[in-house]
Amino acid sequence: MSESGQLVVGFDLDMTLIDTVPGFRDVLVALGDELGVEFPVDEMTAKLGPPLDILLAPYLPADQIAAAGDRFRALYPEHAIESVTAFEGAHDALAAVRRHDGRVVVVTGKYAANAQLHVDHVGFEIDHLEGWVWGVGKADVLRREGASVYVGDHVHDVEGALAAGVLSVSVLTGGCTRDELEAAGTHVILDDLSQFPAWLDAHLAGTAAHRPPPLG
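As the structure is a prediction and not an experimental result, all values here were calculated from the model. (Residues numbered from 1 in each chain as written. Predicted model: local features only at pLDDT ≥ 70, side-chain atom pairs only at ≥ 80, totals over all residues. Heavy atoms only, no water.)

Novice: Quick question: what am I supposed to make of the nonpolar core here?
Specialist: Buried together is how nonpolar side chains tend to be arranged in soluble globular proteins. Ranked by internal contacts, the top residues of the largest apolar core, which has 30 residues, are F11, L17, F124, V151, L193, F196 and W199. Sorting the residues of this core by element identifies β1 (8-11), α5 (90-99), β4 (103-107), α6 (112-122), β6 (149-152), β7 (167-171), β8 (188-190) and α10 (196-204) as the ones contributing at least two each. Excluding residues within four positions of it along the chain, L193 makes contact with F11, T16, L17, E88, G89, A90, A93, V151 and V171. (Core = buried A, V, L, I, M, F, W, Y, C linked by side-chain atoms within 4.5 Å. Buried < 20%, exposed > 50% of the residue type's maximum accessible area, 1.4 Å probe, protein only. Helix = DSSP H or I, 4+ residues; strand = E, 2+ residues; numbered from the N terminus. Contact = heavy atoms within 4.5 Å.)

Printed below as a string of structure tokens:
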């Protein structure tokens, strides 16, 4: 809970709230056409989450990565918004937070302007969006916003939640497996966001099984 006692729940964006693979694939193809590089798009989109420069690093010279990333972000609005939809249960998950008079905070590694285009396109009702933060870097935002729960799909989302000292909830809609998420230390694993409203009700009712272990 925040200092005011209000529930604040943070959500990752890509592969947690929205299925970014179709759009990401199309941008990689367009970027590859411009650069004369045939990116292995299926492999590159199998586990979205890490920053773009890490994704591009195996396929481009180091001195070209920054410019390629800039071009990727410029191409993104044209190629990656219309084709990307919300995951089943995403709208209901956000609405569940609202039913408990909570705030919804989206904390994502995506460039904020492009993340906002997705939020607007799918019609998510959120209170704050923070972009270009990844892994443990998400912790500062979660603490600042007073989040008590962070929902993500990637082991690096788990790292951010644990670094912030908040409860880590993971969904299996991204590229990380149950075993990987458990090994990373997540507190709760859901198949997808359709299970989140019931879980949140139980968590806020104080069900012991849904409480994180003591920190420190």
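Novice: Could you clarify how one ought to interpret the pairing of β6 in this entry?
Specialist: Looking down a regular strand, the side chains alternate between one sheet face and the other. Side chains of β6 alternate between two faces, with V149 and V151 and Y150 and G152 buried alike. Here β1 pairs with β6 via three bridges, running parallel. When the bridges of β6 are listed, G10 appears paired with Y150. With four bridges connecting them, β6 and β7 associate as parallel partners. Note that in β7 the partner of V149 across the bridge is L167. (Pairing = 2+ DSSP bridges.)

Novice: Please clarify how α6 should be interpreted in this entry.
Specialist: Owing to its 3.6 residues per turn, the α-helix brings residues three or four apart onto one side. What α6 keeps buried is the set N114, A115, H118, V119 and V122. Burial along α6 is one-sided: seen end-on, the buried residues are contained in an arc of 145°. Of the surrounding elements, those touching the buried residues of α6 are β2 (18-19), α4 (62-80), β3 (85-86), α5 and β5 (128-130). G123 lies just past α6 and shows a positive phi near 80°. (Arc of directions from axis to C-beta.)

Novice: Even after reading the chapter, I still don't get the sheet that holds β5, so can you show me in this structure?
Specialist: Within the open sheet, the six strands sit side by side as β5-β4-β1-β6-β7-β8. Their pairing is parallel. In this open sheet, the two strands that pair with only one neighbour each are β5 and β8. The sheet shows a mean angle of 20° between the axes of neighbouring strands, direction not considered. (Axes fitted to C-alpha atoms, helices over the stretch in contact; angles between N-to-C directions.)

Novice: What is the right way to read the layout of surface pockets from this model?
Specialist: Rolled over the atoms, a probe with the dimensions of a water molecule shows which regions are left empty. Roughly 510 Å³ of internal volume is contained in the largest pocket. Lining the largest pocket are 31 residues, with P50, P51, L52, G109 and K110 sitting closest to its centre. Elements that contribute at least two residues to the lining of the largest pocket include exactly α3 (52-56), α4 and α8 (155-164). Ranked by residue count, the leading element in the lining of the largest pocket is α4, at six residues. A per-class count over the lining of the largest pocket returns 14 nonpolar, eight polar and nine charged. (1 Å grid on protein atoms, 1.4 Å probe; cavity = no way out; pocket = protein on both sides within 12 Å on 5 of 7 lines; lining within 4 Å. Points joined across faces, edges and corners; volume = space filled by probe spheres on them. Nonpolar A, V, L, I, M, F, W, Y, C, P; charged D, E, K, R; others polar.)

Novice: Before we go on, may I ask you to explain the pattern of salt bridges in this structure?
Specialist: Any two side chains of opposite charge can pair, so long as their charged atoms come close to each other. This structure, assessed with the given rule, holds 14 salt bridges. R25 is the salt-bridge partner of D42, the closest N and O atoms lying 3.7 Å from each other. In this pair, D42 sits in helix α2 (residues 41-44) while R25 sits in helix α1 (residues 21-35), placing the two residues 17 residues apart along the sequence. Overall, D42 belongs to the exposed group, its relative accessible area being 54%. Since its relative accessible area comes to 29%, R25 is described here as partly exposed. Here R98 makes a salt bridge to D127, at a shortest N to O gap of 2.9 Å. Here D127 lies in the loop between α6 and β5 and R98 lies in helix α5, a separation of 29 residues in the sequence. Note on D127: relative accessible area 36%, which makes it partly exposed. What emerges from the salt-bridge pattern is a single network uniting R103, E130, R144 and E145. (Salt bridge = Lys/Arg side-chain N within 4 Å of Asp/Glu carboxyl O.)

Novice: Looking at this structure, how should I read the packing of α1 against α4?
Specialist: Contact geometry for α1 and α4: axes closest at 9 Å, N-to-C directions at 125°. When the interaxial angle is binned, α1 and α4 end up oblique. Like other packed secondary-structure pairs, α1 and α4 cross with a definite hand, here right-handed. On α4, the residues that touch G23, F24, D26, V27, L28, A30, L31, E34 and L35 of α1 are A68, R71, F72, L75, Y76, H79 and A80. Taken together, the residues of the contact of α1 with α4 sort by class into 11 nonpolar, two polar and three charged. (Parallel < 35°, antiparallel > 145°, perpendicular 65-115°, else oblique. Left-handed = near helix turned anticlockwise from the far one by under 90°.)

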